[in-house]
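Observations on the three-dimensional arrangement
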Amino acid sequence: MANFFTDNEDLQFYFDKAIKWDKLIELVENNPDDNPYESPQEAVDTFKDIFEMFGQFVAEEIAPYAEEIDRQHPRLENGEVIIPERVEKIFAALKELDLHGMALPRELGGMNTPLLLYSLLIEVFSRADVSTMSHFSFHQGIALSLLFYSILEDTTEMDSETGAIKETRFKDAIAKLIAGEEWGSMDLTEAHAGSDLAQLRSKAEQDENGDWFVTGTKIWITSGHGRYHIVIARSEDDPDLGLDGLSLYLVEAFTRDEQGNKIRHTTLDRVDEKLGHHGSVTVAISFDRSPAQLIGKRGDGFKLMLMLMNNARISVGFESLGLCESAYRMAKEFAAERPAMGKTIDKHEMIADMLDEMDVDILGLRALCVDTAYNEEIARRLDMQNKRGQGDEATQKARSKDIRYRRKRSRMLTPLVKYYGSEKSVQIARRCMQIHGGSGYMTEYGAEKLLRDSLVLPIYEGTSQIQSLMATKDSLQFIFADFTGFMQRLSSTRIKASMGSDKRTRMTAKIRWRALSAQRHLITKIIANKGWALKDIPSGQRMAFLKDWDAKRDFAPALLHAERLTRILCDAAIAEVLFKQIEQFPERASILDRFLERADARTQAMYYEILHTGERLLNDLHEGSQNPPEAANENDEAAA
Ligand SMILES: Cc1cc2nc3c(=O)[nH]c(=O)nc-3n(C[C@H](O)[C@H](O)[C@H](O)COP(=O)(O)OP(=O)(O)OC[C@H]3O[C@@H](n4cnc5c(N)ncnc54)[C@H](O)[C@@H]3O)c2cc1C
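Model, not experiment: these values are computed from the prediction.

This part covers a nonpolar patch on the surface. Together, Phe480, Ile527 and Trp549 give the surface a local cluster of nonpolar side chains, amounting to about 290 Å² of exposed area. Within the fold, Trp549 resides in the loop between helix H17 (542-547) and helix H18 (551-554). Classification of Trp549 as partly exposed rests on a relative accessible area of 38%.

To continue, consider the site of the ligand. As a matter of local geometry, the ligand sits amid 16 residues, with Thr189, Ser195, Trp220, Thr463 and Gln465 nearest to it. A distance of 2.7 Å is found between an oxygen atom of the ligand and a side-chain nitrogen or oxygen belonging to Gln465. Coverage of the ligand by the protein chains reaches 64% of its 970 Å² of free accessible surface. Only strand E5 (184-187), strand E7 (212-222) and helix H14 (464-481) provide two or more residues apiece to the shell around the ligand. The element contributing the most residues to the shell around the ligand is E7, with three residues. In terms of residue class, the shell around the ligand is made up of eight nonpolar, six polar and two charged.

Here the chain is described as being made up of domain 1 (1-182), domain 2 (183-299), domain 3 (305-462) and domain 4 (478-639). Between the C-alpha centres of domain 3 and domain 4 the distance comes to 24 Å. Each side of the interface is counted separately: domain 3 has 20 residues, and domain 4 has 17 residues. Of the roughly 1600 Å² buried between domain 3 and domain 4 on both sides combined, carbon and sulfur atoms contribute 66%.

Working definition: two side chains of opposite charge can pair if their charged atoms are close together. One pass over the full model with this rule turns up 59 salt bridges. Here Lys424 and Asp361 are joined by a salt bridge, their closest N and O atoms 2.9 Å apart. Separated by 63 residues along the polypeptide, Lys424 in helix H11 (residues 393-435) and Asp361 in helix H10 (residues 349-387) bring together distant segments of the chain. For Lys424, a relative accessible area of 10% corresponds to the buried category. Salt bridges sharing common partners tie together Asp353, Asp356, Glu357, Asp359, Asp361, Lys424, Arg431, Asp571, Arg594, Arg598 and Arg602.

What follows is about the side chain of Ser320. Here Ser320 shows up in helix H9 (residues 301-337). Note on Ser320: relative accessible area 0%, which makes it buried.

Turning next to the packing of helix H3 (residues 40-62) against helix H5 (residues 85-97). Where H3 contacts H5, the two axes come as close as 12 Å, and the packing angle between them is 165 degrees. As far as their axial angle goes, H5 and H3 are roughly antiparallel. Crossing geometry of H3 relative to H5 is assigned as right-handed. On H5, the residues touching Met53, Phe54, Phe57, Glu61 and Ile62 of H3 are Ile90, Ala93, Leu94 and Leu97. Taken together, the residues that form the contact of H3 with H5 break down as eight nonpolar, no polar and one charged.

What follows is about the pairing of strand E9 (residues 246-252). Taken across its seven residues, E9 has seven buried, putting it largely inside the fold. Here E9 shows no split at all, with Leu246, Leu248, Leu250 and Glu252 on one side and Ser247, Tyr249 and Val251 on the other all buried. Judged from the seven bridges that link them, strand E8 (residues 228-234) and E9 form a sheet pairing that is antiparallel. In the strand pairing of E9, Tyr228 is matched with Glu252. Relative to strand E13 (residues 282-295), E9 runs antiparallel, the two being bridged by four bridges. Its bridge partner being in E13, Tyr249 is matched across the sheet by Leu294.

The subject of this paragraph is unusual backbone geometry. For Asn112, which is not glycine, the phi dihedral falls at a positive 60 degrees. On the secondary structure map, Asn112 appears in the loop between H5 and helix H6 (115-128). When its relative accessible area of 11% is taken as the criterion, Asn112 is described as buried. One non-glycine residue, Met341, lies in positive phi territory at about 50 degrees. Tracing the chain through its elements places Met341 in the loop between strand E14 (339-340) and strand E15 (343-344). Accessibility expressed as a relative area gives 81% for Met341, which makes it exposed.

The periodicity of an α-helix, 3.6 residues per turn, causes residues three or four positions apart to be oriented the same way. Given a rise of 1.5 Å per residue, 18 residues ought to cover 26 Å, and the 26 Å separating the end C-alpha atoms of H14 matches this to within 8%. Those residues of H14 that fall on the buried side of the exposure criterion are Ser464, Gln467, Ser468, Ala471, Thr472, Asp474, Ser475, Leu476 and Ile479. In this structure, the buried side of H14 is in contact with H9, H11, helix H15 (483-499), helix H16 (503-533), helix H19 (556-560) and helix H20 (562-584).

Time to look at the packing of aromatic side chains. Evaluated as defined, the whole model comprises 21 aromatic pairs. Arranged with centres 5.1 Å apart and planes meeting at 50 degrees, the rings of Phe15 and Trp21 form a pair that is tilted. Neither Phe15 nor Trp21 differs from the other in exposure class; each is buried. Taking 5.8 Å as the distance between ring centres and 50 degrees as the angle between the ring planes, the aromatic pair formed by Phe15 and Phe51 counts as tilted. Taken together, the positions of Phe15 in helix H1 (residues 9-18) and Phe51 in helix H3 put the pair 36 residues apart, joining distant regions of the chain. Residue Phe15 is classed as buried on the basis of its relative accessible area, which comes to 1%. Exposure remark for Phe51: the relative accessible area of 0% places this residue in the buried category. In textbook terms, an aromatic cluster arises when at least three aromatic residues are bridged by ring pairs, as seen for Phe5, Phe15, Trp21, Tyr37, Phe47 and Phe51. Over the aromatic face of Phe4 sits the side chain of Arg127, whose NZ or CZ is 3.6 Å from the ring centroid.

For the pair H11 and H14, the least separation of the axes is 9 Å and the interaxial angle reads 150 degrees. Relative to H14, the element H11 lies roughly antiparallel. At the point where H11 passes H14, the crossing takes the left-handed sense. Seen from H11, the contacting residues are Lys408, Arg411, Met412, Pro415, Leu416, Lys418, Tyr419, Ser422 and Glu423; seen from H14, they are Ser464, Gln467, Ser468, Met470, Ala471, Asp474 and Phe478. Taken together, the residues of the contact of H11 with H14 sort by class into seven nonpolar, four polar and five charged.

Attention now goes to the environment of Gly216. With respect to the helices and strands, Gly216 occurs in strand E7. C-alpha of Gly216 to C-alpha of Val58: the two residues are 158 residues apart in sequence and 38 Å apart in space. Filtering out sequence-adjacent residues up to four positions away, Gly216 remains in contact with Ser202, Ile285, Ser286 and Phe287.

All right, on to the state of the cysteines then. Under the definition given, this model contains zero disulfides. Unpaired in this structure, Cys324 has its nearest cysteine sulfur neighbour in Cys369, at a distance of 9.1 Å. For Cys324, a relative accessible area of 1% translates into the label buried. Take Cys369: its relative accessible area is 0%, and that puts it in the buried class.

Conventions used here
Residues numbered from 1 in each chain as written. Predicted model: local features only at pLDDT ≥ 70, side-chain atom pairs only at ≥ 80, totals over all residues. Heavy atoms only, no water. Patch = residues over 30% accessible without salt bridge, like charges linked within 9 Å, V, L, I, M, F, W, Y side chains within 5 Å. Areas by Shrake-Rupley, 256 points an atom, 1.4 Å probe, with all protein chains shown as cover. Salt bridge = Lys/Arg side-chain N within 4 Å of Asp/Glu carboxyl O. Helix = DSSP H or I, 4+ residues; strand = E, 2+ residues; numbered from the N terminus. Buried < 20%, exposed > 50% of the residue type's maximum accessible area, 1.4 Å probe, protein only. Near = heavy atom within 4 Å. Polar contact = N/O pair within 3.5 Å; in protein donor to acceptor, adjacent residues only side chain to side chain. Nonpolar A, V, L, I, M, F, W, Y, C, P; charged D, E, K, R; others polar. Domains from an automatic or database assignment. Contact = heavy atoms within 4.5 Å. Buried area = accessible area lost by both parts, 1.4 Å probe. Axes fitted to C-alpha atoms, helices over the stretch in contact; angles between N-to-C directions. Parallel < 35°, antiparallel > 145°, perpendicular 65-115°, else oblique. Left-handed = near helix turned anticlockwise from the far one by under 90°. Pairing = 2+ DSSP bridges. Expected span 1.5 Å × (residues − 1). Phe/Tyr/Trp six-rings, centres within 6.5 Å; stacked < 30°, edge-to-face > 60°. Lys NZ or Arg CZ within 6 Å of the ring centre and 35° of its normal. Disulfide = S-S within 2.5 Å.

Structure, rendered in structure tokens:
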């Protein structure tokens, strides 16, 4: 019997050995009066049962129908979306499994599992079909977000010791979402506003009774045919407020009468025809004074939306992982059977090299995804304990320190997970297709479907360029906040890179050093450009000019190289996670060695590009504000 969990050795390593379930279980099962497990081991065994059952379900009930899912598209009829038969059947079966609420608390009808377990399920589901997975996530993802927002705005009443939920504001919506009765969605994008949410035009107005209404059109909304929409709209008239003029709302696209018939408060304008991702519904939806409930405070919409998106970005990492795994396995199987010039193609050097890199990149991506999701979840759950005032002062202080560390880590890693995962999925799907030759271009094998499906991953939930800007901005901000600390780290990393006790230590440090050194190079350029621009500023205004920093104007070199820097940051982060792993699991050293071999070569190339390209383009782009003459740092190059 096929099973996407038990046939995956690396995934089983994380489940059985690497993940510290005990710590998670201690935080999740916080209530001794309502803990169904006699021991943490019993909880882990239960999670494993769920995972094994799900691994088999997706392998047998979804993967064999991937082609059918791809061929049957959702359509709009009489203002409602008709879901194709196969997808309907899959979702009926998923409803029976009752997993939509697995990470929700038991008091709300969920199973109270760690979120990490759900993330692991995302991988195996996406291996079967990434688009159906994406659709699936809009039950639990929206339910969890509503609960989280309600806790933040203090409309959830919890027991202060156990954390058990007594009452919560969006209880009805959560119940319907996790029962699989209704869908939810996240509505940001408009025709004029994708990455640049400051351009949003949808409007939220309050009447004399204090009730809110939303008007506007949102496009490309996944699962937007559903009932519960988390919508971001402009609530403040002052145009200078930009992102601070946005608020977040829950809009019910329709309600139901007693017979269950829909009473619509919104209009579905179209179902989008897409290149791939046919198992998920994508719509344009119009709101015309649709009744809305404000979530959180007025003006906090962007901040709240980012919180939701952060988790969604980690999920895209796991989605990407599943797609990569599927493409790699498909390519490997084909290559082992396809003969050419006297041997099967997997024995030809170039194909063997491609397969080897695909494999090691997947192993690296999984390490990064699990580390990020684990730290993010621990930080969130510890934060909840502190918010409830659980434990004495010393305990809370120690907890706060732990939260700060893990938050910083997950904040740094989240854009990398999204970037690396989605970009690798395109690269690996493309290679899978290439390895199939002409067969890959035909629909028969499914390789071209994987490539089509992969192409949306670097676009939705924030494009690769937006992730790169976030990663770059964050890393440079940390440097500006503690420049001395940064310089010390740079030199200690360099010493480790040349004098570390063994080759693995030296290579891991060398990759990190390239990231740090590239950052120093960019900062030096930014400062030099600013200094150079002084020549055109009248002497009385120079101090003011030096104090006035504008990201768009002054940070051009970092903005130009953000994606290259992000690639180095990804390789550095993965190398470090794998390096740490071998302290406890020395048998994994060969994975680290294979990763370092690849990452060393590619980070060197990226580093060289950052040092030596871009000057001409920046001069063209910023005509009139000439940059100072280029001065490459030869010492840096020698060290790289
Ligand atoms: C299948 C699918 C499902 C989707 N589901 C949803 C959903 O559920 N909810 C929702 O709200 N939206 C959804 N979207 C929309 C998606 O989030 C946006 O497409 C995405 O945010 C990019 O916005 P855009 O398409 O307007 O591109 P733009 O923002 O116009 O960007 C175009 C290009 O310019 C680049 N770019 C933009 N700004 C910069 C910059 N400052 N520096 C460098 N490069 C830049 C981008 O990276 C991109 O390559 C979905 C899209 C698709 C395709």
